[in-house]
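An overview of the molecular structure
One letter stands for each residue in the lines below.
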Amino acid sequence: MNEFEPSAPVNCYEASDAWRTVDRYFTSTLVGEDSALVVARDSGDKTTMPNAEVAANQGAFLELLAQIAGARRVLEFGTLAGYSTIWLARAVGEQGHVITLELEPQNAAVAEANFHVAGVSHRIETIVGPATESAERLIHDGAEPFDFVFIDADKPNNPAYLAAALKLTRSGAVIVIDNVVRNGAVADAASADPRVQGVRAVAKDIAAHPDLDGTAIQTVGEKGWDGLIIARRR
Ligand code: DHB
Ligand code: MG
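Residues numbered from 1 in each chain as written. Chains lettered and ligands numbered in written order. Predicted model: local features only at pLDDT ≥ 70, side-chain atom pairs only at ≥ 80, totals over all residues. Heavy atoms only, no water.

The chain goes by O-methyltransferase in an unreviewed UniProt entry, where it is assigned to Brevibacterium koreense.

Some words on the environment of Ala60
Assignment of secondary structure puts Ala60 in helix H3 (residues 56-68). The class for Ala60 is buried, based on a relative accessible area of 11%. Contact partners of Ala60, with chain neighbours within four places excluded, come to Val31 and Trp87. (Helix = DSSP H or I, 4+ residues; strand = E, 2+ residues; numbered from the N terminus. Buried < 20%, exposed > 50% of the residue type's maximum accessible area, 1.4 Å probe, protein only. Contact = heavy atoms within 4.5 Å.)

A few points about the pattern of salt bridges
Tallied over the full model, the rule gives 10 salt bridges. Arg41 serves as the salt-bridge partner of Glu33, at 2.9 Å between the closest nitrogen and oxygen. Judged by relative accessible area, which is 23%, Glu33 ranks as partly exposed. Across the pair Asp34 and Arg90 runs a salt bridge whose closest N-O atoms are separated by 2.7 Å. Highlighted residues: Asp34 in the loop between helix H1 (17-31) and helix H2 (35-42) and Arg90 in helix H4 (residues 83-92), separated in sequence by 56 residues. (Salt bridge = Lys/Arg side-chain N within 4 Å of Asp/Glu carboxyl O.)

Looking at the pairing of strand E1 (residues 73-77)
If a strand is regular, its side chains alternate between the two faces of the sheet. Buried residues dominate E1, accounting for five of its five residues. Taking every second residue as pointing to the same face, both faces of E1 are buried, with Arg73, Leu75 and Phe77 on one and Val74 and Glu76 on the other. Here five bridges tie E1 to strand E2 (residues 97-102), and the two strands are oriented parallel to one another. What sits directly across from Phe77, in E2, is Leu101. Following the chain from E1 across H4 to the adjacent parallel E2, one finds a crossover that is right-handed. Bridge count between E1 and strand E4 (residues 146-151): four bridges; the pairing is parallel. Bridged to Phe77 within E4 is Ile151. (Pairing = 2+ DSSP bridges. Right-handed = clockwise from strand over helix to strand, strands pointing away.)

With respect to the site of ligand 1
In the neighbourhood of ligand 1, 10 residues make up the surrounding shell, with Ala52, Asp152, Lys155, Asn179 and Arg182 lying closest. A distance of 2.7 Å separates an oxygen atom of ligand 1 from a polar side-chain atom of Asp152. At a separation of 2.9 Å, an oxygen atom of ligand 1 approaches a polar side-chain atom of Arg182. Taken atom by atom, the bulk of ligand 1 overlaps the largest pocket. Residue composition of the shell around ligand 1, grouped by class: three nonpolar, two polar and five charged. (Near = heavy atom within 4 Å. Polar contact = N/O pair within 3.5 Å; in protein donor to acceptor, adjacent residues only side chain to side chain. 1 Å grid on protein atoms, 1.4 Å probe; cavity = no way out; pocket = protein on both sides within 12 Å on 5 of 7 lines; lining within 4 Å. Sits in = over half its atoms within 2 Å of the grid points. Nonpolar A, V, L, I, M, F, W, Y, C, P; charged D, E, K, R; others polar.)

Okay, structure coming up:
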């Protein structure tokens, strides 16, 4: 086994008990995951990809980043059960707007029920279909520029989602990409996993783009060993 080969299927990385304990400590003392978020988290079981939502402390991190960026308009690639969407809808405030793109009608239905429970349905538009096509339509329709983008859908399409995000954002916008470490697999240039190659390609695109500053942060916790890319348009 190659040293970078994931030790478990990539959507169920092994989290150590210590990592879980620390996540639980911070989530219970600092983060405050309310009942609507717990409902959304638990409903992940009704989606096509259970347990893929961000951890509570990561959701709070997204909310804080969006608030720090002063985001009023957020675009999300990949809704699933809408767990991160609810954090982002709270970040944009009563006058804000979130558009979230989801391939699977089943997942979109689960998410919309969760938005209703969380009382944020009126701030969120869920668009069902392949996210590249939905984003193309937003570009074609001249959508008002977004301030913050969270890319968390099928990983091979990360470069296409970044390219669309660059056509849909204002100067100063923040772009966050989930699941960029994948149990360390990201460092394996020869990886045959198209999800790993999707991350490597988007990292390369960000590095090469004259108007983007970016970095990546590794994370450990209940979601195992993973990480986020954070980029900003100049
Ligand atoms: C995968 C996708 C996710 O968004 C996530 O949080 C975990 C895993 C995946 O495609 O494997
Ligand atoms: Mg993810």
